[in-house]
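Results of the structural survey
Listed here are the chains, written in short residue letters.
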Number of protein chains: 2
Amino acid sequence: MKLALDAMGGDLGPRVIIDGALLALERDELSITLVGDEEVVRQHLEQIPGKQKPLLERVDVVHAQTAVGMDENPVDAIRKKRDSSIMTAFELVKTGEVSAAVSAGNSGATLAAGVRKLGRLKNVARPGLATVFPTLKGPVVMMDVGANVECRPVHLYQFGVMASAVSRIYHVEKPRVGLLTIGEETGKGNNLIKEAYSLLDRSRLNFIGNIEGRDIFKGDVDVVVCDGFVGNICLKISEGLVVAAMKMLREEILKSTLAKIGYLLARPAFKKFGKKVDYAEYGGAPLLGIKGIGIVCHGKSNSLAIKNAVIGAIEMEQLGLNELIESDLAAGLENGEKGF
Amino acid sequence: MKLALDAMGGDLGPRVIIDGALLALERDELSITLVGDEEVVRQHLEQIPGKQKPLLERVDVVHAQTAVGMDENPVDAIRKKRDSSIMTAFELVKTGEVSAAVSAGNSGATLAAGVRKLGRLKNVARPGLATVFPTLKGPVVMMDVGANVECRPVHLYQFGVMASAVSRIYHVEKPRVGLLTIGEETGKGNNLIKEAYSLLDRSRLNFIGNIEGRDIFKGDVDVVVCDGFVGNICLKISEGLVVAAMKMLREEILKSTLAKIGYLLARPAFKKFGKKVDYAEYGGAPLLGIKGIGIVCHGKSNSLAIKNAVIGAIEMEQLGLNELIESDLAAGLENGEKGF
């Protein structure tokens, strides 16, 4: 498999992206096309240590004249910068030169570029972003986490179909789908939720009903369906809360010598825990519903996150995710489920 | 000050509520009216240990024929059960016999009873629920966290006014108000957010602009404004995440003897941390915008949470919170801010 990696994306610069590519190349049989300012990328490649040099046989560089800044308006940026690294990466997917595009750049622009360049899968009303959260049991897939801030009920139903397909990467046979709202009883929530409930309830999905925010991390559900506004807030609040909680705990520990000694003894356990909740372990957010594979990484992605995003793209390709989504939506339509 | 406490509310039964009342009575000069099935309440009061008996001089009981179940439909329940403990508690506020009502019963019913019995403060479009979160710096007040699942921009603006008034309990002079959305730049979010942004921006509030979920716990903002659907999900997700994260950490610690020893040494720090993030320390969620004081407690409230909710009600009374809200809204109207 060959994929395109936006070398200019992310807050930490091209070197971190390239290191992520090398980590992925060490693990898997794949080739990576780095897309970006060729001169800058080649300068970074020259600095790669000797023992990693052989990996570069599976790396090539495609030049992109411009790059989209992290703070640019996404829609304007992709309209004006057609030769940007992110647009070029998706162009390579479109022409079939690579199977997937991965970027840690401007999320909105990555999203817009993916949808614009590749178009939607058959019967998909709205592509969206999924993300994977760790829970007490297994991972849970949440969709949408930011692509669609205003949704109609059919969009939520389709997010359930698409995220259920992603669950199969984690070998979940009949993913349990929950609708995120503010009370577990049927009929709780706003109008969007009430209508989406009835669509999900009549569908072929393994819909278990409404769930509340506190249920997400228990691991009793495999898929969480919500609109992109709510989903993005959930994602950010979760990130912020774990960081803040760990800081508060550390502050308390630093106040006492005994606690500090205790912390040193328990540090490996803290590290393992940290690894479990580190977003970098879960790579990026797949952009689902487009004709191709696209992964949107966190702007702050380190090389581990880039590696895991690349591996995520490989898994999606191997699973035949897009074929699954199309056949599941078609089966739903045959079953009388709502089209858009 | 005298307040009414719904003795029948909450998952843990009347004894926990009564113990909470006694904890509050030990701390403060106040009287408490326990509202509920008089026979049941008196049976519990008889079991109070001797040394706490003197506190009962400041306790009286008002009989209520029925109680609203935790799973009943709130609106139906308060319509049918006019003699329920929660309706009776707010009736006592209405007649002026007490200054505040506190309940850990059915949240929706408490909300509906408070609004129905007491009515809205002048110029308030929609009463709502606020909650207080611990952060790395001080507490942050979030509103609405569940009363209004569909909001108009003016509601969000008014939540900002009401929550800012609550901030003064924590001695914040010019509370920094943030609008919760999915990107910090102006114009990010759904239509509700875009319009609410312009109302907040033109207001007398110390509006600092859009904030994202991850900013809530940093402590760089004193007030977070959102609709009740988003706010309730944030509240529940935060609860669920801290519990899940602590369980994951404990699981890792239990895997190693050394880590277990370390944990024992650091346990006091863990406990202090636990106290910091324990919702019980923050009492209940004040129902703002009604002509009187109402506090909605978590169904799982222990006696510490009840005590803190009672103390919260006292602080709201002492601050003259409702007078503040009315005068702030009136000053806003004079300033050309939007009424409803």
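Residues numbered from 1 in each chain as written. Chains lettered and ligands numbered in written order. Predicted model: local features only at pLDDT ≥ 70, side-chain atom pairs only at ≥ 80, totals over all residues.

Right, let's get into the sheet that holds strand β11 (residues 293–296) of chain A. Note on sheets: strands pair through backbone hydrogen bonds, and any given pair is parallel or antiparallel. All names here are of chain A. Strand order in the open sheet made by the 11 strands is β3-β2-β1-β4-β11-β10-β5-β6-β9-β7-β8, with mixed pairing throughout. Each edge of the sheet is formed by a strand with only one pairing partner; in this case those strands are β3 (59–63) and β8 (206–211). Geometrically, the sheet is characterised by an average inter-axis angle of 25° between neighbouring strands, direction not taken into account. Packing against the sheet, helix α10 (residues 303–319) makes contact with β1 (2–6), β4 (100–103), β10 (285–288) and β11, and its axis sits at approximately 155° to β11. (Pairing = 2+ DSSP bridges. Helix = DSSP H or I, 4+ residues; strand = E, 2+ residues; numbered from the N terminus. Axes fitted to C-alpha atoms, helices over the stretch in contact; angles between N-to-C directions. Contact = placed C-beta atoms within 7 Å.)

Residues and elements named next belong to chain A. A cis amide bond links M143 with the next residue in sequence, D144, at an omega value of 5°. The residue D144 is located in the loop between β6 (140–143) and α6 (153–167) in this model. Here the phi dihedral of N123 falls at roughly 75°; this positive angle occurs in a residue that is not glycine. Topologically, N123 is positioned in the loop between α5 (107–118) and β5 (128–133). Residue N123 is classed as partly exposed on the basis of its C-beta count, with 17 C-beta atoms lying within 10 Å. (Buried ≥ 20, exposed ≤ 12 C-beta atoms within 10 Å, placed from the backbone.)

Our focus in this paragraph is the environment of A:A331. All names here are of chain A. Position of A331 among the secondary structure elements: in helix α11 (residues 321–334). Exposure remark for A331: the 12 C-beta atoms within 10 Å place this residue in the exposed category. In this structure, the C-alpha to C-alpha distance between A331 and R204, residues 127 residues apart in sequence, is 8.5 Å.

This paragraph deals with helix α8 (residues 228–254) of chain A. With 27 residues, α8(A) should cover 39 Å at 1.5 Å per step; its first-to-last C-alpha distance of 39 Å lies within 8% of that length. Of all 27 residues that make up α8(A), 19 are buried, and the element is covered over most of its length. (Expected span 1.5 Å × (residues − 1).)

With that out of the way, let us pick up the domain arrangement of chain A. Reports of interface size often rely on the accessible area that becomes lost once the parts have come together. Residue and element names in this part refer to chain A. Here the domain parsing of chain A yields domain 1 (1–124 + 289–319) and domain 2 (125–280). Relative placement of domain 1 and domain 2: their C-alpha centres are 26 Å apart. Within the residue set of the side of domain 1 that touches domain 2, elements represented by two or more residues are α5 and α10. The dominant element in the side of domain 1 that touches domain 2, judged by the number of residues it contributes, is α10, at 5 residues. For the side of domain 1 that touches domain 2, the per-class residue count stands at 8 nonpolar, 6 polar and 2 charged. (Domains from an automatic or database assignment. Nonpolar A, V, L, I, M, F, W, Y, C, P; charged D, E, K, R; others polar.)

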